[in-house]
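An overview of the molecular structure
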Amino acid sequence: MRQPVSRSSLKISVLGFRARSEGRTGFAALRAMCRENPALLHGLCTYLSVSGLLVVLIVATTLQGR
């Protein structure tokens, strides 16, 4: 018997991300994506970590220059 087709999408922007999988959104979709493709979720976490670190470094540099 064939497995039902499931669709997952992840839209990443400068301000955040939107996850959609198996008709669910948000953290439920991220859990479903983790089961389907853990490498995608690890890439998202790395992207968000690096983006957050860059924001902190930019703010720290700006405040230090004052």
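Residues numbered from 1 in each chain as written. Predicted model: local features only at pLDDT ≥ 70, side-chain atom pairs only at ≥ 80, totals over all residues. Heavy atoms only, no water.

**Some remarks on a nonpolar patch on the surface**
A cluster of nonpolar side chains, Val50, Leu53, Leu54, Leu57 and Ile58, forms an exposed patch at the surface whose accessible area comes to about 480 Å². Mapped onto the secondary structure, Leu54 falls in helix H2 (residues 38-64). (Patch = residues over 30% accessible without salt bridge, like charges linked within 9 Å, V, L, I, M, F, W, Y side chains within 5 Å. Areas by Shrake-Rupley, 256 points an atom, 1.4 Å probe, with all protein chains shown as cover. Salt bridge = Lys/Arg side-chain N within 4 Å of Asp/Glu carboxyl O. Helix = DSSP H or I, 4+ residues; strand = E, 2+ residues; numbered from the N terminus.)

**Quick look at the sheet that holds strand E2 (residues 16-21)**
Taken together, 3 strands build an open sheet; the order of strands is E1-E2-E3 and the sheet is antiparallel. Strands with a single pairing partner mark the edges of an open sheet, and in this sheet they are strand E1 (8-13) and strand E3 (24-25). Sheet topology places E1 next to E2; 6 bridges connect them, and they run antiparallel. For Ile12, the partnering residue across the bridge sits in E2 and is Phe17. Contacting E1, E2 and E3, helix H1 (residues 27-36) crosses the sheet at an angle of about 70° to E2. Across the sheet, H2 is in contact with E1 and E2; its angle to E1 comes to roughly 15°. (Pairing = 2+ DSSP bridges. Contact = heavy atoms within 4.5 Å. Axes fitted to C-alpha atoms, helices over the stretch in contact; angles between N-to-C directions.)

**Structural notes on the nonpolar core**
Formed by Ala19, Ala29, Leu30, Met33, Leu41 and Leu44, the largest nonpolar core amounts to 6 residues. Elements with a contribution of two residues or more to this core: H1 and H2. Residue contributions to this core peak at 3 residues, all from H1. Beyond its immediate sequence surroundings of up to four residues, Leu41 is in contact with Leu30 and Cys34. (Core = buried A, V, L, I, M, F, W, Y, C linked by side-chain atoms within 4.5 Å. Buried < 20%, exposed > 50% of the residue type's maximum accessible area, 1.4 Å probe, protein only.)

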